[in-house]
Amino acid sequence: MGKEIVNALTPDPLLQQNWYPDYLHLLSQLLTWCFLSERRELSEAIRFNDHLMDELHGQSVTEVLSSQLKRVLEFRTDSVWLSAWSDHDVYLRSIPPAEVERLLTSVITAKRHNLIKFDELPYILYEKYSETSPVIPIELRELITQIIAHVPQDTLYLTGDEGFGLAPLFLGKQFQIFSEQHCAESMHSLITLLSYQITLRVGDPVLSPGFFEQNRLRTFACGVGVLLQDHRYKQHEVRDLFGRFEPNTRLREMLFITHLLKQCAGESVVLVPGRFLIKNTTEHKRFRQYLVSNGRIDTIVRLPAGLLPGRAQPLFLLRFSEQATDNIRLINCDHDYFKAVAIKKRGEAKFQLMHGDVLMEELSSTENSQFCTQVSLSELRAEHFADMPLDPAYYLGKNRTVVIRPGSSAVRGLSSTFDVIRAQAVKGADRSHETDTRVYLEVTVQDINDAGIIDQPAREVHVSPDRLKRAEGQTLRAGDILLAIKGQAGRLAMVPDVCGNNWMAGQSFVILRQKSGNVLKSPVVLFRFLKSETGQKLIRSICTDDVVPFIHSQDLKQLPIPQWSELEQEQACMAHEEILKLYARMKFFREKAELVEREILREA
């Protein structure tokens, strides 16, 4: 009756109270105290006393509980124990005394009548905890559990963001669970104390792993890693003492997966943002090459977008086998069939995962379907696979990823037809030396109009003779294309036919300047392509996911550009002129509407 007892002690009206999370933690402490006392893991003097309410001696229940729990806290000094008990006074102060007394009385009654089924407590307590703290949805946790549960192994390694949330689902199965968390949360520690199957350690899988064996990383039979947010480490921030990582790799999800594969010898499942499956930066392509060459990856699942609160992008589920495989199974679940509209509450996820049983069938099947296909690893190795994504949406479904294979004879890299000129900061001169300076007008993203054409730049920069060479190197010409590579990365603009000879690109741009003698009729053709949906997807694929998005020049130079026929180029130029006319008419009517608004009720 562990589940029934916890439900009875956490009635729905309490969920509306701002002190409910503290109440739930205090309840968990009392039940864990009962469990450890029942198993005689505490000294007799500090065991849970069924007659506590009869021995108050004029003290309040809160004061007596505080004193008793403090003695339990001092019983051990390891990090898990301290995390489990250290905040008891915080909980007692926030909960009304009458509720504390009611809770303690109920727990005593349940213990006296042997109503508490301790083996059910870890699961139900974590589910109650998940209602108060954002965690992975239960449908997703159950899916991961089903994938791993069939594996006949003995040790299971859990790591990453909320990876511990899977531990209660594995209790009672054949696993001994080893969970590694960045910091020991109180609820996690209490659940660990309630189960002999769980070992919890404080550690960071990338920076400071927590499990060792004979001065080396301990090897586990299988593992699950959960990483909900990616991160780029600073230069030299990662000190790899165990020979796990490739030099200069700084993206957390790449390091995280590499670590898991080193620490787990058997089947492993990883839940990650999966940007390396889609992006085409040099770093992302190099990691895709590592995964394909390694050969252990056998399944990639693109989950529906909106399964987590505040996250519009989908997550990816990757399964790795114990031995190298011949095929990768690609499953695209970013489809209405796999998602149900959740009850709309502030802070809740937009969708819930549906039809997990169908997804499990797709995972175990070898047949292709509407949602699933197989790709041969040997074919990927033979082809120019590094430039191809491993995103299931590239192969399946309505959200197909746009990728142009550089190996095609009808495709060239951008640098073969356009010079890529990186603009740099040009510092203005001191106004006291204006007689020796030349005035330039620096183009910024604010100077780009709705049609994507540069209007008259507004920012003046007075350039001294010693900086004139740099300014001249990024002076704009008619027909130049500007591409923002940081901040508003991907924003495009074109320099009009009529422009000043002193217009200069700002440092957030690269200049794309058509080389002489190439097959393009006009730079307008490239501009319209890069502005198109296909072009924008290609640009996004090489844009980093740092706090400030950035496009590396080397990745831009390798951007695959199709070769168009003369007819296609002519059509692009005609469409460009038509688009400019339409935007000009829109501008005219907008200015006319503003003029009419200003004239309404105008004062004499």
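Let me begin by describing the structure that accompanies this report. Here, residues in each chain are numbered from 1, in the same order as that chain's written sequence. Residue-level local features of this predicted model are given only where pLDDT is at least 70; pairs of side-chain atoms are given and counted only at 80 or more, and the full residue set underlies all totals for whole chains, interfaces and linings. Remark: hydrogens and water are excluded; side-chain values derive from all non-hydrogen atoms of the structure.

**Some remarks on the packing of helix 3 (residues 20-38) against helix 4 (residues 61-73)**
Angular values range over 0 to 180 degrees, each being the angle between N-to-C directions of two axes fitted as lines to C-alpha atoms, with helices fitted over their stretch in contact. Helix and strand labels come from DSSP, where a helix needs a run of H or I of at least four residues and a strand needs a run of E of at least two; each type is numbered from the N terminus. At a closest axis distance of 12 Å, the pairing of helix 3 and helix 4 adopts a crossing angle of 60°. The angle between the axes of helix 3 and helix 4 places the two elements in the oblique class. Like other packed secondary-structure pairs, helix 3 and helix 4 cross with a definite hand, here left-handed. In contact with L26, Q29, L30 and W33 of helix 3, helix 4 contributes L65, Q68, L69 and V72. A per-class count over the contact of helix 3 with helix 4 returns 6 nonpolar, 2 polar and no charged. By the definition adopted for this analysis, an angle is roughly parallel if under 35 degrees, roughly antiparallel if over 145, roughly perpendicular if from 65 to 115, and oblique otherwise. Two helices that cross are described as forming a left-handed crossing if the nearer one is turned anticlockwise from the farther one by less than a right angle, and a right-handed crossing if clockwise. Whether two residues are in contact is decided by their heavy atoms: any pair within 4.5 Å suffices. Any residue outside Ala, Val, Leu, Ile, Met, Phe, Trp, Tyr, Cys, Pro, Asp, Glu, Lys and Arg is labelled polar, Gly included; the first ten of those are nonpolar and the last four are charged.

**Some words on the packing of aromatic side chains**
Two aromatic rings, drawn from Phe, Tyr or Trp (for Trp, its six-membered ring), form a pair once their centres lie within 6.5 Å of each other, and the interplanar angle then sorts them: stacked below 30 degrees, edge-to-face above 60, tilted otherwise. What the rule picks out here adds up to 22 aromatic pairs. Judged by centre distance (6.0 Å) and plane angle (50°), the rings of F75 and W81 are tilted. Members of the aromatic cluster, each reached through a chain of ring pairs, are Y157, F178, F211 and F220. For a Lys NZ or an Arg CZ to count as sitting over a ring, it must be within 6 Å of the ring centre and within 35 degrees of the ring normal. Here the basic side chain of R218 rests over the ring of F178, its NZ or CZ set 4.3 Å away from the ring centre. A cation over a ring is seen here: K339 above F351, with NZ or CZ 4.8 Å from the ring centre.

**Some remarks on the environment of L307**
Structurally, L307 is set in the loop between strand 8 (297-302) and strand 9 (316-320). Burial classes: relative accessible area under 20% of the type maximum marks a residue as buried, over 50% as exposed, and values in between as partly exposed (1.4 Å probe, protein chains only). Accessibility expressed as a relative area gives 6% for L307, which makes it buried. Spatially, the C-alpha atom of L307 lies 29 Å from that of G295, the residues being 12 residues apart in sequence. Apart from the residues within four sequence positions on either side, L307 is in contact with P137, A349, F351, Q352 and L353.

**Looking at the sheet that holds strand 2 (residues 176-181)**
The criterion for strand pairing is that DSSP finds at least two bridges linking the strands in question. Ordered by their spatial adjacency, 9 strands build an open sheet running 3-2-1-6-7-9-8-10-13, and the pairing between neighbours is mixed. Sheet topology places strand 3 (198-202) and strand 13 (372-376) at the edges, where each strand pairs with a single neighbour. Averaged over all pairs of adjacent strands, the angle between their axes in this sheet comes to 15°, without regard to strand direction. Looking at chain direction, strand 7 (residues 268-272) and strand 9 are connected through 5 bridges and run antiparallel. Bridge pairing in strand 9 places L271 opposite L317.

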